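What follows is the residue order along each chain.
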Amino acid sequence: MTQSKHWTPERIQTFLRAFFGAGNDAWPDMRPDYAHKERTEPFVKVLLSGGGAPIVLPRWDADSQQFAMYAIARDRADVTKTAELIEAFAGPTYIYCDMERGGLRPARLNPDDPVERAILDFAGERVTFRLTTAQPSRYRQSLTDALLLMQKTYIRRPPRLWRAVKPIGRLIAEFDAALAAGGEAASQDLLEQLAAAGGLTATNLAHLRLKRLDRLGVSNKVLAFPNLPDIVHQDPPAAVKGAILNAVYTVALEEPLARRDLDAAKEGLIAHGRVVPELLVGDPRSYGPQAMTVVLLAAVILDDVTVARRALAAIEELDQAPQIAALALSEAERLAAKPVPDAVAEASSEASPGADASVPVESWPEFFSALADGSPTGKQAVEDEVWALWPTPAQNDDVLAEFLDGLSDGEAGELWRAVGSFLDAVGYDEPAPKSAHAFIRNAVAFGRYSPGDLAVLQALMDIALRASPAADTYGEILKDVSSECSRWIAPERASVALDFVDRLFLAACPDVDAREKLCVDLLAPLSIHRHRLAEADLAFAQRLTHELGLDGLDWAVPAEEGVQDDPLASMSASTLLLYSLDEAVLTRCREELQKIAPAVKVSTAYDHVGTPQLREKARRADVVVLATRCAKHAATGFITQHTGNDVPIEYANGSGSASLLRAAERGLRRTIAESV
């Protein structure tokens, strides 16, 4: 049952009287003789008509001169669609909102405010968007007109299904893929969709949140996660255990081990690792070096020979020893050399991963096959991230690509669950271009163009192009990417489109005509709506157009009267740290930032792990911007751990120059706003 079914005419009238009561001068008490009621009445009529369009109502405070439009989804399940409608009609041009943070999100209304209290009583929480304009006197009427047009268009639409509910499994697959592709905002949106959709237990949602926090490198938040001991007690998947152990390493062990202070490391682990003992059970082979270091040192503190031997065997199998802190490794080896009573030895052999922790699938071809068949073993492999134990997919590229291309529609849909694992495993260093191209064909065939899917599609194109394909293959890849791009390109997706073009510019180009066609396909829609682009996007689009030698794209926007100078241009001296594993992206982003904020000193970092130089850069930064695609926890966690408490940290919603630039601009503007 939807909320609208509870909205009787009596309730609606009560709500309207409260909404246009104290605190709202848009139509005071809905008086018939109010001189300007014609501005508000059309929105009220839409609500009273019961046409099903999102509810939109204005608010005006004559004393403070504050203006806002409230857009209310008629059902919590319609929140995402309502946000998309608002973005489509009003977009970033008329709304003061960080559209790159995954789009609009419902506002947290103030129950002490009489107008917002009326909305809460009528519609409930988390369904209302509070929309304001960046320059009130300039865009107020435009925003009003756009939202009224949105309602009228919705009412006139042909009858169709309002909601297309995605299965939970599809949402989880998109979440994993968005994380792997560095889609920070997209992964947050998918988390919210999963929470709103129901069907997942609170524990499962907590697992996804912990994985995301781990990827963002915010270790303190992982360890402060609500009910963490209860989550650990329920034996979470290996990926979640690894996330918690990573956080313990960053918070408790990294510093003391770096200065070779074993006693301090042990004290830190005891102080911050109260949940660690319960994480020592099971197969550690999917853990990274940081998590494995925690396991070793915990075994030493607990004098647990079995855990130490199991971890050391895994380290030898994975050839991880060079990445493990020498102090922890030597202590664990000393412990493992101790004799073990027969009874304990027998029990440990039964619990060892080689004896009973069977791995249902043991290679990428088996993994793909299991997922395509819908086998629970394949889904379990995704959850446990056992693929981290296998050689790179690049070693089976031909086999995997052929398998992907030979699937039925149903099997191909199931196999999309593997794309996040594939992106993580391939990383930046070992491309599997044929498999990536096959995944691109999968995405196009199934129309996967959500924000998270686009981040994945860009990452796949990046992998496919990094292998320097021949001209015919290059043309096919670009043709596939181009085939449906008109379905998703819009001003609110500008940074995504610019990231695609930027990647094409940076990659080797064996077919100039094919590259030019795709670049024009991506840029032309933005050029048409150039007056709706953010300044940074507009400047970067001009740069790309010039670099690629494209003709016929007009980016000139007439200067408008009354528009104040951009505060970034006059921003005082400060330091911004950019982190990404892609050096070319860092260089281009730094160059653009020096144009729009000349007083800002931009430092860059692409370290894979924490280093003294990275620590110094993090400590000196006034703003930090991170691109998390393929970033290892050791680096992102290190940066967040050594950044000042009040320093804003922003995450790029992708791995390209435009995404990083947009995040940097966001962080600088946030600093300016907080300094006022």
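Every chain begins its residue count from 1, and numbering advances along the sequence as written. Given that the model is predicted, a residue must reach a pLDDT of at least 70 before its local features are reported, and side-chain atom pairs must reach 80 or more before they are shown or counted; all residues, however, enter totals for whole chains, interfaces and linings. Side-chain descriptors were evaluated using all non-hydrogen atoms of the structure, hydrogens and water having been removed beforehand.

Draft legend 1. View of the side chain of arginine 503. Mapped onto the elements, arginine 503 comes out in helix α26 (residues 494–506). Discounting residues that sit within four places of it in the chain, arginine 503 has contacts with Met461, Asp462, Asp582, Val585 and Ser655. By definition, any uninterrupted DSSP run of H or I lasting at least four residues is a helix, any uninterrupted run of E lasting at least two residues is a strand, and each is numbered from the N terminus. Only heavy atoms enter the contact rule, under which two residues are in contact if any of them lie within 4.5 Å.

Draft legend 2. Region of the structure containing the sheet that holds strand β5 (residues 600–605). Overall, parallel pairing links the four strands, which are arranged β5-β4-β6-β7 in an open sheet. Because the sheet does not close on itself, it has two edges, and the strands there are β5 and β7 (649–651). Sheet twist, expressed as the average angle between the axes of neighbouring strands with direction ignored, equals 20°. Both strand β4 (residues 574–579) and strand β6 (residues 623–626) contribute to a ladder of four bridges, which runs parallel. Counterpart to tyrosine 579 in the pairing with β6 is leucine 626. The angle between two axes is taken between their N-to-C directions and runs from 0 to 180 degrees, where each axis is a line fitted to C-alpha atoms and a helix contributes only its stretch in contact. The sheet strands contacting helix α29 (residues 583–596) are β4 and β5, and the helix crosses β4 at an angle near 155°. Only strands joined by at least two bridges in the DSSP assignment are considered to pair.

Draft legend 3. Here's a closer look at a nonpolar patch on the surface. Patches draw on residues past 30% relative accessible area with no salt bridge. Two like charges within 9 Å are joined, as are two nonpolar side chains (Val, Leu, Ile, Met, Phe, Trp, Tyr) within 5 Å. Residue exposure ignores everything except the shown protein chains as possible cover, and the areas themselves are Shrake-Rupley values with a 1.4 Å probe. Any Lys or Arg side-chain nitrogen found within 4 Å of a carboxyl oxygen on Asp or Glu counts as a salt bridge. Taken together, the side chains of Ile270, Ile301 and Leu302 make up a nonpolar region of the molecular surface, amounting to roughly 270 Å² of accessible area. Examined against the element boundaries, isoleucine 270 turns out to sit in helix α13 (residues 262–272).

Draft legend 4. Layout of the packing of aromatic side chains. Side-chain rings of Phe, Tyr and Trp (the six-membered ring for Trp) are treated as a pair once their centres are within 6.5 Å; stacked means planes under 30 degrees apart, edge-to-face means over 60, and tilted covers the remaining angles. Tallying each qualifying case throughout the model produces 15 aromatic pairs. Ring geometry for tryptophan 364 and phenylalanine 367: centres 5.5 Å apart, planes at 70°, overall edge-to-face. Taken together, the positions of tryptophan 364 and phenylalanine 367, both in helix α18 (residues 364–372) and three residues apart, correspond to about one turn of that helix. Here tryptophan 364 and phenylalanine 367 have matching classes, each one buried. The classification of residues rests on relative accessible area computed with a 1.4 Å probe and restricted to protein chains. Under 20% of the type maximum is buried, over 50% is exposed, and intermediate values are partly exposed.

Draft legend 5. Highlighting the packing of helix α28 (residues 535–548) against α29. Here α28 crosses α29 at 125°, and the two axes come no closer than 11 Å. When the axes of α28 and α29 are compared, the pair comes out oblique. In this structure, α28 meets α29 at a crossing whose hand is right-handed. Along the contact surface, α28 presents Ala539, Phe540, Arg543, Leu544 and Glu547, while α29 presents Arg588, Glu591, Glu592 and Lys595. Each residue gets one label: Ala, Val, Leu, Ile, Met, Phe, Trp, Tyr, Cys and Pro are nonpolar, Asp, Glu, Lys and Arg are charged, and the others, such as Gly, are polar. Looking at the contact of α28 with α29 residue by residue, the class counts come to three nonpolar, no polar and six charged. If an angle is under 35 degrees, it is roughly parallel; if it is over 145, roughly antiparallel; if it lies from 65 to 115, roughly perpendicular; otherwise it is oblique. Helix crossings get a hand from a simple test, with the near helix turned counterclockwise from the far one by less than a right angle marking a left-handed crossing and a clockwise turn marking a right-handed one.

Draft legend 6. Main features of the sheet that holds strand β3 (residues 128–131). Strands sit in the order β1-β2-β3 across an open sheet of three strands; the sheet is antiparallel. This sheet does not close on itself; its edge strands, each paired only once, are β1 (55–61) and β3. Across the sheet, the mean angle separating the axes of adjacent strands is 20° when strand polarity is ignored. Bridge count for strand β2 (residues 66–72) against β3 is four bridges, and the pairing is antiparallel. From the neighbouring strand, alanine 71 faces β3, where its bridge partner is phenylalanine 129. Across the sheet, helix α2 (residues 41–49) is in contact with β1 and β2; its angle to β1 comes to roughly 145°.

Draft legend 7. Quick look at the nonpolar core. We call a set of buried Ala, Val, Leu, Ile, Met, Phe, Trp, Tyr and Cys residues a nonpolar core when their side-chain atoms join them within 4.5 Å. Judged by nonpolar contacts, the single largest core of 98 residues is most densely connected at Phe367, Leu460, Trp488, Leu576, Leu578 and Leu593. The element best represented in this core is helix α24 (residues 451–466), accounting for ten residues. Once you skip the residues sitting within four places of it in the chain, leucine 593 turns out to touch Leu576, Leu578, Pro598, Val602, Leu661, Ala664 and Leu668. If you look at the next biggest cluster of nonpolar residues, it comprises 67 residues, including Val232, Leu280, Ala308 and Phe638.

Draft legend 8. Representation of helix α5 (residues 114–123). Taken across its ten residues, α5 has seven buried, putting it largely inside the fold. Here the buried face of α5 lies against α1 (9–19), β1, β2 and β3. Among the residues of α5, the N-terminal cap falls to aspartate 113, whose side-chain oxygen and the backbone nitrogen of valine 115 are separated by 2.9 Å. Two N or O atoms form a polar contact when they lie within 3.5 Å of each other; inside protein one atom must be a possible hydrogen donor and the other a possible acceptor, and for residues adjacent in sequence the pair counts only when both atoms belong to side chains.

Draft legend 9. Structural detail: the confidence of the model for the protein chain. Along the chain, pLDDT gives the predictor's confidence residue by residue, from 0 to 100. Looking at the protein chain, pLDDT values average 85 and 90% of them are 70 or higher. In the predicted structure, residues 349–358 sits below a pLDDT of 50 and forms twelve contacts with residues beyond four places in sequence or in another chain.

Draft legend 10. Up close: the pairing of β5. Burial within β5 is extensive, with five of its six residues counted as buried. For β4 and β5, the ladder comprises six bridges, and the chain directions are parallel. Bridge assignment links serine 574 to a residue of β5, and that residue is valine 600. Crossover connection from β4 via α29 to parallel β5: handedness right-handed. Orient the strands so they point away from the viewer, and a crossover whose first-strand-to-second-strand path over the helix runs clockwise is right-handed.

Draft legend 11. Layout of the pairing of β2. Burial within β2 is extensive, with six of its seven residues counted as buried. Here seven bridges tie β1 to β2, and the two strands are oriented antiparallel to one another. Each residue of the ladder has a partner; that of arginine 59, found in β2, is alanine 68. Hairpin connection of β1 to β2: four residues between the antiparallel strands, including glutamine 65 at a positive phi of 60°.

Draft legend 12. Structural view of helix α22 (residues 419–426). Taken across its eight residues, α22 has seven buried, putting it largely inside the fold. Within α22, burial applies to Val419, Gly420, Ser421, Phe422, Leu423, Asp424 and Val426. Two residues or fewer after α22 comes glycine 427, characterised by a positive phi angle close to 60°.

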